[in-house]
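# Descriptive structure summary
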Amino acid sequence: MSNTTIEVAGLRKRFGQTVALDGMTFTVNPGKVTAFVGPNGAGKSTTMRVILGLDAAEAGHALIGGRPYRSLRHPLTRVGALLDAGALQPSRTARNHLLWLAHSHGLGAGRVDEVIAEVGLAKASRRKAGGYSLGMRQRLGIAAALLGDPPVLMLDEPFNGMDPEGIVWMRGFLRALAAQGRAVLVSSHLMSELQESAGHLVVVGRGKVIADTSVADLIASASGDRVTVRTSARWDAMTTLTNAGATASATGDDTVTVSGLPAERIVAVLGQGNVPFSEVSAHQATLEEAYMNLTRDAVEYRAEPATEIVR
Ligand SMILES: Nc1ncnc2c1ncn2[C@@H]1O[C@H](COP(=O)(O)OP(=O)(O)OP(=O)(O)O)[C@@H](O)[C@H]1O
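A brief look at the structure comes next. (Residues numbered from 1 in each chain as written. Predicted model: local features only at pLDDT ≥ 70, side-chain atom pairs only at ≥ 80, totals over all residues.)

### Structural notes on the sheet that holds strand β4 (residues 59-64)
For clarity, the cut-off: Two strands are counted as paired when DSSP detects at least two bridges linking them. Strands are runs of DSSP state E lasting at least two residues, helices are runs of H or I lasting at least four, and both sets are numbered from the N terminus onward. Axes here mean lines fitted to C-alpha atoms, for a helix over just the part in contact, with angles spanning 0 to 180 degrees between N-to-C directions.
One open sheet accounts for three strands, arranged β2-β1-β4; its pairing is antiparallel. The open sheet has two edge strands, β2 (18-28) and β4, and neither has a second partner. Direction aside, the axes of adjacent strands within the sheet are offset by 20° on average. Of the pairings in the sheet, the one linking strand β1 (residues 6-15) to β4 comprises five bridges and is antiparallel in character.

Dropping the structure here:
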């Protein structure tokens, strides 16, 4: 068993009447960022808490590098976690917070200064953490998670509170951590950020996994085979493409929507038929669209569509 995996199998947990985990099962592999997504209340935080031994499951198991968290001898060097960026002593400086953590795990001040630099807090590290913005607290939480240079990282909503510059930094940082061979599990609600940084996606709803897929495969399957053709000769284009076996319909003054033929073939067919066109583009679903399709039935809290009030 690799040292660099998180393995979750058959986790079940209730809080009173609420079923929080209902057979949660997935594996996080090294070398990529795995996004952990799902509607509010789907069980993401509870799963992370169980992995870290902070909550007990009624059934199933959660292993880091093949072992339960509680049996790890030097946990900080096996797994780094950011669960709650607010959990720090406000009167302590960021550097002292990290020094305290480092010393209690036998790590030196040199390592503290390294992680401070890595997360971009060098200039602010001697300020009291209580005055930090949420984005700065996220950076500090990540610095703490990295202290022991662990092969496994687990971050709960690290994009939360980040400004646009911070988001760009975080995306690149997560990709770099994974490229170093780490297993990186990241929960988030921000699909546009994950599309840029995650290679794999575990989608959960109502305490279990709905989809466990690479981001590329999910987007390809949600994109379908629709191709848009922009042309000043709509009717010629439709006739030519229909004769070649496609289904084509006029969807705008100068656009035709085609299915049944790949974009490259459409270009060839139009070229052979001497039909002028200015654009042929395959529809590419966003991660957000793909995610919405998957989770439509799993959303626990959803606002009703706004209705117009007629007086
Ligand atoms: N300590 C607790 N006491 C009671 N119920 C809880 C507790 N923790 C979680 N739950 C419930 O368990 C379910 C799963 O919650 P969890 O926080 O794991 O979801 P989540 O996917 O992390 O949600 P979010 O995206 O909103 O952070 C929810 O219905 C939640 O209300």
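### Some details on unusual backbone geometry
Applicable threshold: To sort residues by burial, count the other C-beta atoms lying within 10 Å of each one's C-beta; a count of 20 or more means buried, 12 or fewer means exposed, and anything in between means partly exposed. C-beta atoms are built from the backbone.
Backbone geometry at D149 places phi at a positive 50°, although glycine is not the residue there. A tally of 14 C-beta atoms within 10 Å means that D149 is categorised as partly exposed. Even without a glycine there, the phi angle at R206 is positive, about 50°. Locating R206 in the fold gives a position in the loop between β8 (200-205) and β9 (208-214). Exposure remark for R206: the 18 C-beta atoms within 10 Å place this residue in the partly exposed category.

### Points about helix α3 (residues 109-118)
Condition: Here the arc refers to the set of directions running from the helix axis out to each C-beta atom. What counts as a contact here is a pair of residues whose C-beta atoms, placed from the backbone, lie within 7 Å.
For α3, the full list of buried residues reads V112, V115 and I116. The buried residues of α3 all sit within an arc of 105° when viewed along its axis, so they share a single face. For α3, the exposed residues set more than 90 degrees away from the buried face come down to G110 and A117. Looking at the packing, one finds that the buried side of α3 touches α2 (94-103) and α4 (134-146). Within two residues after α3, G120 carries a phi angle of roughly 75°, on the positive side.

### Points about the site of the ligand
Spelled out, the test is: Using a C-beta atom placed from the backbone for every residue, we mark a residue as near a molecule or strand if that atom lies within 6 Å of it. Three classes are used, and their members are as follows: Ala, Val, Leu, Ile, Met, Phe, Trp, Tyr, Cys and Pro are nonpolar, Asp, Glu, Lys and Arg are charged, and the others, Gly among them, are polar.
Around the ligand sit F15, T18, A20, G38, N40, G41, A42, G43, K44, S45 and T46, and those are all the residues in its vicinity. At the level of secondary structure, the elements contributing two or more residues to the shell around the ligand comprise β2 and α1 (44-51). Partitioning the shell around the ligand into residue classes produces three nonpolar, seven polar and one charged.

### Overview of the pairing of β9
Where β8 lies against β9, six bridges are found, and the strand directions are antiparallel. Paired with V202 across the strands is D212, a residue of β9. The antiparallel pairing of β8 with β9 creates a hairpin that spans two residues between the two strands, and R206 there sits at a positive phi of about 50°.

### Focus: α1
Burial analysis of α1 places six of its eight residues in the buried class, the great majority of the element. Once α1 ends, the next one or two residues include G53, with phi positive near 70°.

### Quick notes on the pairing of strand β11 (residues 247-252)
Pairing analysis gives five bridges linking β11 to strand β12 (residues 255-259), with the strands arranged antiparallel. What sits directly across from A250, in β12, is V256. Counted along the chain from β11 to the antiparallel partner β12, the turn is two residues long.

### Focus: the nonpolar core
Generally speaking, soluble globular proteins have nonpolar side chains that are buried together. So the rule is basically this: Each nonpolar core reported here comprises buried Ala, Val, Leu, Ile, Met, Phe, Trp, Tyr and Cys residues connected via C-beta atoms within 7 Å.
A143, M154, V184 and V186 are the most contacted members of the largest nonpolar core, which totals 67 residues. Top contributing element to this core by residue count: α4, with seven residues. Excluding its chain neighbours within four sequence positions, the residues that come into contact with V184 are V33, T34, L153, L174, L177 and A178. Listed in part, the twelve residues of the second largest apolar core include A246, V256, I266 and V275.

### A word on the sheet that holds β11
Read across the sheet, four strands follow the order β11-β12-β10-β13 without closing on themselves; strand pairing throughout is antiparallel. One side of each edge strand has no neighbouring strand; the edge strands of this open sheet are β11 and β13 (279-282). The average undirected angle you get between the axes of adjacent strands in this sheet is 25°. Strand direction decides the pairing type here: strand β10 (residues 227-230) and β13, joined by four bridges, are antiparallel. Residue pairing for β13: T228 is matched across the bridge by S281. Helix α8 (residues 234-243) rests against β10, β11 and β12 of the sheet, and its axis sits at about 160° to β11. Packing of helix α9 (residues 263-272) onto the sheet brings it into contact with β10, β12 and β13, and relative to β13 it is tilted by some 160°.

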